[in-house]
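A structural walkthrough
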Amino acid sequence: MLFNSWIYGVFLVALLAIYGQLRTRQQNRLLLLASYFFYGWWDWRFVGLVLLSTAVDYTVAAQLDRTPANDKAARNRLLAVSIATNLGVLGLFKYFNFFVESATVALGAIGLEAHIWTLRLILPVGISFYTFQTMAYTIDVYRQKTKAVLEFELFALYVCFFPQLVAGPIERPEHLIPQLRQPRRVDADALAAGSLLIFWGLVRKVGIADVVAPAVDRAFRHPEDQTSMALAIGVVLFSLQIYNDFAGYSSIARGTARVLGIELMENFRQPYFSTNITVFWRRWHISLSTWLRDYLYIPLGGSRGGTLLTYRNLMLTMLLGGLWHGASWNFVVWGGIHGVALAAHKLVSGNRKILDNAPVRTVADGLWAASGWAFTFCLVLFAWVFFRADTFADATAVLTGIASGRGEWAWVDWSTPALMTLWVLFLDIPMYRNDDQTAVLHWPWPVRGTAYASFALLLVLLERGKDATFIYFQF
Amino acid sequence: MPPSSTSSSSPPPLTYDGVAVALWARPPRALLLALLMLMVVELGVARQDWIWSHNPRSETGVLDAIERQSIGASHNPQLVFMGSSRTRDGIAPRVLEQQLSLEQGAVLNLGMTVGTPFDALVLYRRNREALSKAGLIAFGVEHSMFDANAYVSERANRFASLRERLLWFDGDTRQALLVGWVWRTYDAREPMRLYVQSRLSGKQPKALPMTDDGRIIWMRRSGKAEDPTRISKKLWRRFRFSNRRVAVLDALIELMQQDGVEVVLYQVPTRNRFWSYARDKYTHKVDRYDQQMQAVAARHGSRYYDWQDAKSVGLSDGHFFDYGHMRDSGAREFGRVMATTLWQGHRDHLPEQAHLP
């Protein structure tokens, strides 16, 4: 069931109508059923996988809760069971063929011919998201940062809460579980803010991401046939597509949860306005970047082991973060580029505190910020080429094609990129300035009303139908 | 909480149960303004006929263009062809008029892109007086017209009544059509988008060009033939026979027969290598479809000519520019076959002066 489908609208309205009449425990039961229904809409068989992950982590966490803190060996064994199960499922469904094929190529490179069989498996939607979410829970219980949840229904709902089940935000137990325990009321403010977030998400998805998708597909399908300018525009449009597609999804997820009285964490805060790569990662896919920080970078030693170890940890974190996106070396390269950039930025900035939004007081500050923004944006665009291209050869074809300066560019239709950029700025500037994704609610009502009507009409006019799935579903 | 107890400056949060009270206490003015503006578009644009017909090259505007340029220009239509773009490309009225010694304008080709029995029914209903004068109407069937998964043109959004949307369409299409029946802005989104585009670009849509042999053709008519595997998969793999769509064909034939028109069904020829691939790969589906068409014809006492195999009517691969759309040479050749067949099998329903040389 896609967020940008009619059936989802019907599903949500029907759910809300019942939900508002129930007490907390009944609300949770309803949400649990609705979440399995929502997930099963794609493929019922994979509900079993969610249940497996849920059952294992519920049992492991309950055991951890009963095991004394000083019994390290037992606690380690329990944690290993959880991690092995989650990563095992993820590895089997997502990475098995990738590793087998990579091994075959590697053996071939040293002259050994290997015929290793691969599996024909369908990647279950959202598997990377919910496995990370359950792992976060078990690790937190292991670290005694959070208490184990002994009510199975409640824990199951934490794992499969439908707004964020298939593409995040990857929630943390200390944030989501207390909210699921609390009595919740659907009030007018929550309805207004939630509906706005849903609406804004649809505008991003249908009005921007889906509109630029054909131009992006053209550029990346046969890069060798494209002019330099068409390729460059294709890359810029992909940056708009992936941002608005994913931020749109996250916004709808947050809006849906909000109308149900639950606050999900922010996943995007206008990342393309960042003036350096460190800030970019504080604003892009926040739930994943903080997950990687807390459960990978810091356990690896973070910045505690000296400069070289810090760079190693950054690189490892970003390489694995890249691989998390998909079983392809292109994602690893993408992660590597960001790892190198983060390490380089750390080297340049030393021990100075990196502010999210550095104040601009003088012209020199402004020029510095502008050049920082331009450099960061170009770097992010460069990395997106590897993220989007099907193969490494395609990515290099795109980059060499842009650098070659081939073809004329007078014919290039600028209207779509210009219009889309303006639209993104129109949406993002007020949110960035107020650091509030619902900043529009503070606009004067005639402006808001006109904006709602215009965007609603554009949504209808630009609707592409059921094939317009979200990019991050494949991860 | 009663409205009188709320303060207009800082209203307290209101529960779900009290949404109606909340609306009363704090009317969402922006939302109401937006709804008002959307209502203006709904009534002032989406429910007006011009939005559908302004572009003769759109899926809906083409119907008005055909009415103007084909039906309107003919004083005495005697033999009418209806169907999809394959009929549009494959039937050359002037060739048939020459073959059957009929006066110019006696043969009409009303085939249109993504044409289905529903489109033919709409066209017939709207021009019943003119078209019911024809002695014979030949409808070119093809399996995609009866595929529950196949695309349905926006003409359904424009013309289908609520009952027709419920009874004649399947699955997602029906769902979208039902939404569109309630909210016409959704129905009319494509013509509205085309209208905005033409206004922004300043380019006025052009009238449809008509070939010397009487066909209205404006789409690309050349290019590489696609791979039979790919196109056959696309057309046949997900094919699911729809009884709902057959019901439309039944309604079309019944209406025409009520007016005393002889109805003939013919299967539009498919380029040989595409046809043989589909027949071998999807034998069961192809056979079932063929049986269904024969059953429809038998039900109404009509003739059904199965010319799926292009070879059976003397057409070679060179007569097509893709899997099933004919070039000019194909239309000429097919016209000769069609003229002979109609003369031999339906002479009584052709004009008195008709004869084969």
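Scanning chain A from terminus to terminus reveals 18 helices and 0 strands. For 475 residues, the compact-globule estimate of 2.2 N^0.38 gives 23 Å, and the C-alpha radius of gyration of chain A, at 23 Å, lies within 12% of that figure. Seen through its principal axes, chain A has C-alpha atoms that stretch 70 × 70 × 50 Å. Split into buried and exposed, the 475 residues of chain A put 43% on the buried side. Of the contacts made within chain A by residues no fewer than 6 positions apart, 75% connect residues no fewer than 24 positions apart.

Bringing the overall build of chain B into the picture now. Across its full length, chain B holds 18 helices and 5 strands. Per-residue burial for chain B yields a buried fraction of 41% across its 357 residues. Taking contacts inside chain B between residues at least 6 apart in sequence as the whole, the part at least 24 apart equals 77%.

A word on the confidence of the model for chain B. Residues and elements named next belong to chain B. When pLDDT is averaged along chain B, the result is 86, and 89% of the positions lie at 70 or above. In this model residues 1-23 is a low-confidence stretch, pLDDT under 50, and it forms 30 contacts with partners more than four residues away in sequence or in other chains. Note on the complex model: pTM 0.72, ipTM 0.71.

For the rest of this paragraph, the subject is the interface of chain A and chain B. By a widely used convention, the size of an interface equals the accessible area lost when the partners come together. Tallying the contact residues gives 20 residues for chain A and 23 residues for chain B. Put simply, the parts of the chain that give the side of chain A that touches chain B at least two residues each are helix 9 (188-221) and helix 18 (445-462) of chain A. Looking at the side of chain A that touches chain B residue by residue, the classes come out as 11 nonpolar, 3 polar and 6 charged.

All names here are of chain B. For strand 4 (residues 262-267), a buried count of 5 out of 6 residues is recorded, marking the element as mostly surrounded by other parts of the structure. Judged from the 6 bridges that link them, strand 3 (residues 136-141) and strand 4 form a sheet pairing that is parallel. In the strand pairing of strand 4, Leu 136 is matched with Glu 262. Pairing geometry for strand 4 and strand 5 (residues 303-306), over 4 bridges, is parallel. Across the sheet, the residue bridging to Leu 265 is Tyr 304, located in strand 5.

Within the largest apolar cluster, 125 residues are counted, with the highest numbers of intra-cluster contacts made by Tyr158(A), Cys160(A), Val212(A) and Val398(A). Examining the composition of this core, we find that 18 residues originate from one element, helix 9 of chain A, more than from any other. Both domains that meet at this core, namely domain 1 (21-184) and domain 2 (189-474) of chain A, each give it at least three residues. Leu79(B), Val107(B), Leu108(B) and Tyr277(B) belong to the second largest nonpolar core, which has 72 residues in total.

Residues and elements named next belong to chain A. Taken domain by domain, chain A comprises domain 1 (21-184) and domain 2 (189-474). Inter-centroid distance (C-alpha atoms) of domain 1 to domain 2 is 26 Å. Contact residues are listed per partner, giving 20 residues for domain 1 and 22 residues for domain 2. Counting only elements with at least two residues in the side of domain 1 that touches domain 2, the list comes to helix 4 (72-109), helix 5 (127-142), helix 7 (162-165) and helix 8 (173-181). Each residue belonging to the side of domain 1 that touches domain 2 can be placed in one class, and the counts come to 11 nonpolar, 6 polar and 3 charged.

Before going further, it helps to spend a moment on helix 13 (residues 307-325) of chain A. One turn of the α-helix equals 3.6 residues, which is why residues spaced by three or four share an orientation. Its 19 residues place the ends of helix 13 of chain A 28 Å apart at the C-alpha level, agreeing with the 27 Å of an ideal helix rising 1.5 Å per residue. Contacts from the buried residues of helix 13 of chain A go to helix 12 (286-297) and helix 14 (329-349) of chain A.

Let us now look at the environment of Ser53(B). Residue and element names in this part refer to chain B. Mapped onto the elements, Ser 53 comes out in helix 3 (residues 50-53). By the C-beta count within 10 Å, which is 19 here, Ser 53 ends up partly exposed. For the pair formed by Ser 53 and Leu 63, sequence separation is 10 residues and the distance between their alpha carbons is 8.0 Å. In contact with Ser 53, other than residues within four places in its own chain, are Thr 60, Gly 61 and Asp 64.

Turning our attention to unusual backbone geometry. If a residue is not glycine, its phi is most likely negative; likewise, a peptide bond is most likely trans. Unlike most non-glycine residues, Gln270(A) shows phi in positive territory, near 45 degrees. Judged by the 20 C-beta atoms lying within 10 Å of it, Gln270(A) falls in the buried class. Positive phi values are uncommon outside glycine, yet Ser101(B) reaches one of about 55 degrees. Turning to its location among the elements, Ser101(B) is positioned in the loop between helix 6 (93-99) and strand 2 (107-109).

Cut-offs and rules
Residues numbered from 1 in each chain as written. Chains lettered and ligands numbered in written order. Predicted model: local features only at pLDDT ≥ 70, side-chain atom pairs only at ≥ 80, totals over all residues. Helix = DSSP H or I, 4+ residues; strand = E, 2+ residues; numbered from the N terminus. Rg over C-alpha atoms; globule rule 2.2 N^0.38 Å. Buried ≥ 20, exposed ≤ 12 C-beta atoms within 10 Å, placed from the backbone. Contact = placed C-beta atoms within 7 Å. pLDDT = per-residue confidence, 0-100. Nonpolar A, V, L, I, M, F, W, Y, C, P; charged D, E, K, R; others polar. Pairing = 2+ DSSP bridges. Core = buried A, V, L, I, M, F, W, Y, C linked by C-beta atoms within 7 Å. Domains from an automatic or database assignment. Expected span 1.5 Å × (residues − 1).

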